[in-house]
Amino acid sequence: MELRQLRYFVGVADELHFGRAAEKLFVSQPALSQQIHLLEDEIGVELFGRAKRTQLRKVELTEAGTVFLIEARKILQLSGKAIETARRIGIQQKIIKLGVYRMMLRSRVVEILRVFALNFPDIEIKLVELPTFLAIQDALFDETIDLGITMLPLKYNQLTETPFKTGYMKVMLSETHPLASEDSLKLDQLKNEKWIEINKSIHTIFEDIERMCKNAGFNRESFIVQEVSSIELLGGLVSLGIGIAFVPSFYDASRVQGVVCKELINSDGSPFKEVAIKQAICYKTATSTPTIQALTSLVKDM
C-alpha cells in the first residue's frame, strides 16, 4: 500500500466522483481507477460500491470504505506532519543537485520535480543529466550530486537506495507489425524477430533478457540489428518497423507515434514476471541530511 493510493482514495471519497477527483489530483481518470482497484485488491474488500457505480453511475463508499477513510486520513495527516517536522528541523541545504540519466523518461523527471516543488518550495533543485545510470552512482560516490535516480543494483555499498518503481517486460512493436493486433504475446512468438536494443554498456538487465529468451528456445542477441543510447531513440526506430524491442512495463509509450506495446504472458496466460526492472532514488549514506531523507521519502511514495 502506498501513500499515493491513500491520497487517491481520499480524493475520490471527498468528491464521490472519479472525474472531478482525477482533475484535482492531476492524474488521468483511468490511472486513478486502476490505483483504487489495486488498493481494494490489496485490502480484500470493496471501498466503493461497484454495483451502484456500474448500474447507476453513482459513487458511494461501502461500510468498509467509510471506516477505512477515517484511518486513511490519519495516516496522511501523520505523513504531512513528518514532512513539516523535517522542514522545522531546518533546511540547511537550499540547493539540491539531483542526478538523472539520459535514458530516464522525461515525464518521470517532471513528476519528481513537481512533487519536490509542492512539498519544499524553498529548495532549488538543480538537475544534473549524466549519460548512464552507472554514471549517477559514480557521481553520488564522488559527491558531485546529492541525490540520484538510478537503476538497481548498486555498485557501491556506501550508497543508500530507496526503490520506488518495479517494472516487468513488455514488447514494443510498430503499429503495422503482424503481431500488433494481438492482445498479448508469448516469448515463443518472437523467435524470428529483429530487435532494437539499448547499448549493453548501459543496460541494467541485458543478460537476464538473453537468459529468458534462451530458456524460450532462441538466441535473441544474434538478431539485434541496432543498439541505441536512449529509450526515446529506441521508440523511434521501432515506429519505423526496423525491429521490435523490450521496454519496462511502467514505460508510457502513448506519446510515441506509430507504436503499440503488448504485455508478455506465460504459456498458461499468466503475466510474465521472470525479469524485473527496479528504479531507485539514492544518496551517499555518509553525506545524508534531513532534507535529503525527506525528499527521498517523497519519491518513495510516488
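Everything that follows concerns the structure shown earlier in this document.
What counts, and where the lines are drawn
- Along each chain, the written sequence defines residue order, and numbers are assigned to residues from 1.
- Local features are withheld for residues below a pLDDT of 70 in this predicted model, meaning they are given only at 70 or higher, and side-chain atom pairs are given and counted only at 80 or more; totals for whole chains, interfaces and linings count all residues.
- The side-chain quantities take in all heavy atoms of the structure and omit both hydrogens and water.
- At least two DSSP bridges between two strands are required for those strands to pair.
- Secondary structure elements follow DSSP: runs of H or I of four or more residues count as helices, runs of E of two or more count as strands, with numbering from the N terminus.
- Axis definition: a line fitted to C-alpha atoms, limited for helices to the stretch in contact. Angles are taken between N-to-C directions and run from 0 to 180 degrees.
- Computed over the protein atoms alone on a 1 Å grid, cavities are sets of points where a 1.4 Å probe fits but cannot get out and pockets are open sets with protein on both sides within 12 Å along at least five of seven lines; a residue lines them when it has an atom within 4 Å of a point.
- Grid points are joined across faces, edges and corners, and a volume is the space filled by probe spheres set on the points.
- Note on residue categories: nonpolar means Ala, Val, Leu, Ile, Met, Phe, Trp, Tyr, Cys or Pro, charged means Asp, Glu, Lys or Arg, and polar means any other residue, Gly included.
- Note on ring pairs: Phe, Tyr and Trp rings are taken, using the six-membered ring of Trp, and paired if centres are within 6.5 Å. Classes follow the plane angle, with under 30 degrees stacked, over 60 edge-to-face and the rest tilted.
- Only when the NZ atom of a Lys or the CZ atom of an Arg is both within 6 Å of the ring centre and within 35 degrees of the ring normal do we say a charge sits over the ring.

Visitor: So what about the sheet that holds strand 11 (residues 277–284)? Which residues, and what values?
Guide: Strand order across the open sheet formed by 5 strands is 2-1-3-11-4, with mixed pairing between neighbours. Among the strands making up the open sheet, the edge pair consists of strand 2 (124–130) and strand 4 (159–167). Within this sheet the neighbouring strands show an average axis-to-axis angle of 25°, counted without direction. Where strand 3 (residues 147–151) and strand 11 come together, 4 bridges link them in antiparallel fashion. Bridge assignment links M151 to a residue of strand 11, and that residue is Q279.

Visitor: Which residues make up the layout of surface pockets, and what values go with them?
Guide: Estimates place the volume of the largest pocket at around 1700 Å³. For the largest pocket, the lining is made up of 40 residues, of which R4, Y8, E111, K165 and M302 are closest to its centre. For the lining of the largest pocket, the per-class residue count stands at 19 nonpolar, 8 polar and 13 charged.

Visitor: Summarise the packing of aromatic side chains; cite the residues concerned and give the values.
Guide: Counted by the stated rule, this structure contains 5 aromatic pairs. One aromatic cluster is present, built from ring pairs that chain together F9, F18, F48 and F68. For the cation-ring pair, R220 lies above W195, with the distance from its terminal atom to the ring centre recorded as 5.0 Å. A cation over an aromatic ring shows up here: K284 above the ring of F141, its NZ or CZ 4.8 Å from the ring centre.

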